[in-house]
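Structural overview for review
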Amino acid sequence: MKKVVAIYPGTFDPVTNGHLDLIQRSLRIFDELIVGVLVNREKAPALFSVEERIEMLRETTAGYGNVRVEQFEGLLVDFVKRMNADAVLRGIRAISDYEYEMQMVWMNRKLNPHFETIFMMPSEAYAFLSSRLVRQIASYGGSVKNLVPPLIEARLMAKFAVTSRK
Ligand code: PNS
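Keep in mind that this is a model prediction, so the values were computed, not measured. (Residues numbered from 1 in each chain as written. Predicted model: local features only at pLDDT ≥ 70, side-chain atom pairs only at ≥ 80, totals over all residues. Heavy atoms only, no water.)

Using the criterion set out here, one finds 2 aromatic pairs in the structure. Where Tyr-8 meets Phe-12, the ring centres are 5.2 Å apart and the plane angle is 80 degrees; that geometry is what we call edge-to-face. Comparing Tyr-8 with Phe-12, the two get one shared label, buried. Relative to Phe-79, the ring of Phe-72 has its centre 4.8 Å away and its plane inclined at 10 degrees; by these criteria the two rings are stacked. As far as the burial class goes, Phe-72 and Phe-79 line up, both buried. (Phe/Tyr/Trp six-rings, centres within 6.5 Å; stacked < 30°, edge-to-face > 60°. Buried < 20%, exposed > 50% of the residue type's maximum accessible area, 1.4 Å probe, protein only.)

Here we come to unusual backbone geometry. Of note, the amide linkage connecting Asp-13 to Pro-14 takes the cis form, showing an omega dihedral of 0 degrees. Position of Pro-14 among the secondary structure elements: in the loop between strand 1 (5-10) and helix 1 (17-26). Notably, Asn-146 is not glycine yet its phi reads approximately 75 degrees, a positive angle. Here Asn-146 shows up in the loop between helix 5 (131-139) and helix 6 (150-165). (Helix = DSSP H or I, 4+ residues; strand = E, 2+ residues; numbered from the N terminus.)

Take the pattern of salt bridges next. By the definition in use, this model includes 11 salt bridges. Ionic pairing is found between Arg-135 and Asp-13, a salt bridge with its closest N-O pair at 3.6 Å. Of this pair, Arg-135 sits in helix 5 while Asp-13 sits in the loop between strand 1 and helix 1, and the two are 122 residues apart along the sequence. Accessibility expressed as a relative area gives 4% for Asp-13, which makes it buried. As a salt-bridge pair, Arg-68 and Glu-32 come within 3.1 Å of each other at their nearest N and O atoms. On the criterion of sequence distance, the pair formed by Arg-68 in strand 3 (residues 67-72) and Glu-32 in strand 2 (residues 32-38) is long-range, its members being 36 residues apart. We classify Arg-68 as partly exposed; its relative accessible area is 35%. (Salt bridge = Lys/Arg side-chain N within 4 Å of Asp/Glu carboxyl O.)

On to the sheet that holds strand 1, then. Strand order in the open sheet formed by 5 strands is 3-2-1-4-5, with parallel pairing between adjacent strands. The open sheet has two edge strands, strand 3 and strand 5 (117-120), and neither has a second partner. In this sheet, neighbouring strand axes are inclined to one another by 30 degrees on average, regardless of whether the strands run parallel or antiparallel. With 4 bridges joining them, strand 4 (residues 87-91) and strand 5 adopt parallel strand pairing. Bridge pairing links Leu-89 to Ile-118 in strand 5. Along the sheet face, helix 1 touches strand 1, strand 2, strand 3, strand 4 and strand 5 and points at about 140 degrees away from the line of strand 4. Lying on the sheet, helix 4 (residues 96-111) is in contact with strand 4 and strand 5; it crosses strand 4 at an angle near 170 degrees. (Pairing = 2+ DSSP bridges. Axes fitted to C-alpha atoms, helices over the stretch in contact; angles between N-to-C directions. Contact = heavy atoms within 4.5 Å.)

Rendered as structure tokens:
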């Protein structure tokens, strides 16, 4: 039987417990998950380089034999085609996520009529969580314990210790 492969695209700057919760849930549905890390071009420069973001994702998903982490540049529809994936996975939290996600789905469908996105909701414990807030809290020395795995917390602390010494 053909394996059902999904791509979970995002910036992952850095990966949070919300992302990891979604990855774990999605593996009950998909046979294989490819986490696609965007090489930012037009978006604001990331805190972590694409290599660092990939490394952190690989470290935090090492326990799953059916999760792969790859980088991608350019259009998501092209990456989906190249990976021969069946669907894209996106997490949706509050209603405020909906408009952005809807726009992306329809734009991606214009580019490829067969494009499908599966939306999943993370645990309510992470309904408020975002990489942007994690970066902001960590930059001011706040605790991000329970929002990211301990090794990501350590990376954030190291990153901001270096930045503040500059
Ligand atoms: O984690 P993010 O930042 O919400 O992820 C956004 C992402 C990577 C899914 C989106 O920016 C994307 O797909 N970028 C690739 C470029 C592309 O295909 N643009 C057209 C989509 S409408």
